[in-house]
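Coordinate analysis (summary)
The residues making up each chain are set out below.
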Amino acid sequence: MGVFAKRTMTKTRRRLRDLDQIERDLRSPRHLQQYKETKAAEDLPGLGLYYCIECAKWFESETSLVGHRKGKPHKRRLKQLKEGAYTHEEAMAAIGYRIDNGKKTTEQPKTQDVEMS
């Protein structure tokens, strides 16, 4: 594996849920419940009782959850959620793709008939 390949690989071991997924969790309790049902309670810290919705993390005890909510990573995540996730239009504009093609006109172009002699 080359040096470039090592830098472009993403770490998946501690990967958290994306902002758009967390926003859906906050809006719809059903969406969050579906996510929690995919995890076995025996495999989760604290048997899955202590969960921070905003950060999508489980904790061993209530005291560690309360300590987490006072910390910088949690506050940073709240700020990210407040700003909102990028939309598809914003992403396309960032790479220079122009979505707005201008105002559409319904008028037919005015042409004049010219007689050839």
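Each value, and the rule that gives it
- Residues numbered from 1 in each chain as written.
- Predicted model: local features only at pLDDT ≥ 70, side-chain atom pairs only at ≥ 80, totals over all residues.
- Heavy atoms only, no water.
- UniProt positions renumbered as here; feature names shortened; annotations may be inferred.
- Helix = DSSP H or I, 4+ residues; strand = E, 2+ residues; numbered from the N terminus.
- Buried < 20%, exposed > 50% of the residue type's maximum accessible area, 1.4 Å probe, protein only.

An unreviewed UniProt entry lists the chain under the name Zinc finger domain-containing protein, with Chaetomium thermophilum given as the organism. UniProt's Sequence similarities (unreviewed entry) comment on the chain is quoted here verbatim: "Belongs to the ZNF593/BUD20 C2H2-type zinc-finger protein family."

Attention now moves to the UniProt feature "domain: C2H2-type" (unreviewed entry) in the chain. Per the UniProt annotation, the sites labelled "domain: C2H2-type" (unreviewed entry) are residues 50-79. Measuring from the first to the last C-alpha atom of residues 50-79 gives 22 Å, for a span that is 53% helix and 20% strand.

Turning our attention to the environment of leucine 49. Position of leucine 49 among the secondary structure elements: in the loop between helix H3 (29-37) and strand S1 (50-52). Relative accessible area serves as the criterion here: at 63%, leucine 49 is assigned to the exposed category. Placed 11 residues apart in sequence, leucine 49 and glutamate 60 show a C-alpha to C-alpha distance of 8.3 Å.

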